[in-house]
Amino acid sequence: MAPATSPSRPAAAHTKRRGAGSGGHRSGPHRPGGSYALFGRLRYAYVSPALLLVAVLLYLPFVWTAWLSLTRYDGLGSPEFIGLDNYTRLFEDEALITSIRNTLLWVAGTTVLPVGLGLLVAVLSYDIRGGPWFRLPFLLPYAMSGAGLGLVWGFILQPEGVANQALTFFGMPGGDMSFLNDGPENTFAMLGVWTWQQLGVNMLLFVVGLQSIPRAPIEAARIDGASGWRLFRHVLWPLMRPLTTVVVGLALVASLKTFDIVWVMTQGGPGRTSETLAVTMYRDVFVADEYGYGSAVAVLLTTVTGLASYAYMRRQIGKEDH
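Residues numbered from 1 in each chain as written. Predicted model: local features only at pLDDT ≥ 70, side-chain atom pairs only at ≥ 80, totals over all residues. Heavy atoms only, no water.

Undergrad: Could you give an account of the overall build of the protein, naming the residues involved and the relevant values?
TA: A tally of helices and strands in the protein yields 16 helices and two strands. With 322 residues in all, the protein has 34% of them scored as buried. Put simply, of all contacts in the protein between residues at least 6 apart along the chain, 65% involve residues at least 24 apart. Carbon and sulfur atoms provide 67% of the accessible area of the protein, an area that totals close to 19,600 Å². (Helix = DSSP H or I, 4+ residues; strand = E, 2+ residues; numbered from the N terminus. Buried < 20%, exposed > 50% of the residue type's maximum accessible area, 1.4 Å probe, protein only. Contact = heavy atoms within 4.5 Å. Areas by Shrake-Rupley, 256 points an atom, 1.4 Å probe, with all protein chains shown as cover.)

As structure tokens, then:
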């Protein structure tokens, strides 16, 4: 019996020593005062300054705005609590209905035109000689501020502006067009200006996405005879879908917050026909001194922006999961 059992003792001892060694190695980082305490228990201490900054600059102002939306307040004295009266007034305000319509036009326009044209220019200039020089003119308008852009194009598109004078000079029809005087045509004109500015940055993002695609699948598709539309549809577009999700999401949020170009070019007029929700909020708060009603518009705008962004991202994540 002894010879049969003696060889198992060293093996058992070796197994015990190996288990103890590996167990000691695994428990090392979890010793009190070790790296686990540093990165585990104290992890909130590292992010607390950023959380505090976000709370002070974002959450607290929103809470205060939500409170003001339940009051009647003109900026002087103390707010008077009136409950949901401001929100009831929202749905009876014809100017707000026009503002919501224009905001939806901005959402549709800015998520189709700048993004679609930016993608088109990026694909056409991809992998060709002189591509960077071809893209340069589209990038220059993005260097201008929205206010400066609105000032220049407002001068061009006004009734006696450069556009109508040029059409009249060359004897072309439309020399008496009112680009900014009638709604919703004025919104379409400003959408064209916005597209002219934003096309460049969307194009640049798509170019970066195209350059990050591995060359192997593209070359394999070309060997198989794919080119042009087939190459884009079956190879480039599926590989660029994550980036497209980001670009469209950014355009969606920017369209809901459109303010500077509209305010500089038309100030929401004439007759409040070109207002967006952001312009309506600004007018009610800082022009009409109706802080309570303007705060209700701000809460509505924030809610719509948040819900639209959440629904879009959830839909895109669901597509990627399938």
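What follows continues from the structure just given.
Undergrad: Let's hear about the nonpolar core: which residues, and what values?
TA: The biggest cluster of nonpolar side chains holds 26 residues, and the ones touching the most others in it are Phe-206, Leu-210 and Ile-218. Among the secondary structure elements, those contributing two or more residues to this core are helix H7 (113-124), helix H11 (185-211), helix H12 (215-223) and helix H13 (228-256). Among the elements that take part in this core, H13 stands out by supplying ten residues, more than any other. Not counting residues within four places of it along the chain, the set of residues in contact with Leu-210 comprises Ala-122, Val-123, Tyr-126, Leu-236 and Met-240. Ranked by size, the runner-up nonpolar core spans 16 residues in total, among them Ala-189, Met-190, Ile-261 and Val-262. (Core = buried A, V, L, I, M, F, W, Y, C linked by side-chain atoms within 4.5 Å.)

Undergrad: Talk me through the packing of aromatic side chains; I want residue IDs and the actual numbers.
TA: Counted according to the given criterion, the structure contains eleven aromatic pairs. Measuring from centroid to centroid gives 5.9 Å for Phe-134 and Phe-138, while their planes differ by 55°, and the two rings are tilted. Here Phe-134 pairs with Phe-138, and both are found in helix H8 (residues 131-139), just four residues apart, close to one helical turn. Judged by its relative accessible area of 27%, Phe-138 is partly exposed. Where Phe-232 meets Trp-237, the ring centres are 5.9 Å apart and the plane angle is 45°; that geometry is what we call tilted. Overall, Phe-232 belongs to the buried group, its relative accessible area being 13%. On the basis of relative accessibility, which here comes to 28%, the residue Trp-237 falls in the partly exposed class. Three or more aromatic residues joined by ring pairs make a cluster, and in this case those are Phe-259, Trp-263, Tyr-282 and Phe-286. (Phe/Tyr/Trp six-rings, centres within 6.5 Å; stacked < 30°, edge-to-face > 60°.)

Undergrad: Quick one: what's the story with the pattern of salt bridges, residue by residue and with numbers?
TA: Applying the stated criterion to the full structure yields seven salt bridges. Here Arg-215 ties to Glu-219 by a salt bridge, and the two come within 3.2 Å at their closest N and O atoms. Within this pair, Arg-215 and its partner Glu-219 are both found in helix H12, separated by four residues, close to a single helical turn. When its relative accessible area of 37% is taken as the criterion, Arg-215 is described as partly exposed. (Salt bridge = Lys/Arg side-chain N within 4 Å of Asp/Glu carboxyl O.)

Undergrad: If you had to explain helix H15 (residues 277-287) to someone new, which residues and values would you point to?
TA: Inspection of H15 places Leu-277, Ala-278, Val-279, Thr-280, Arg-283, Asp-284 and Val-285 among the buried residues, and these make up the whole buried set. Once H15 finishes, Asp-289 follows within two positions and takes phi at roughly 60°, a positive value.

Undergrad: How would you explain the confidence of the model for the protein if you had to name every residue and give the values?
TA: With 85% of its residues at a pLDDT of 70 or more, the protein shows a mean pLDDT of 81. Note that pLDDT drops below 50 for residues 1-34; the model gives that stretch four contacts with residues more than four away or on any other chain. (pLDDT = per-residue confidence, 0-100.)

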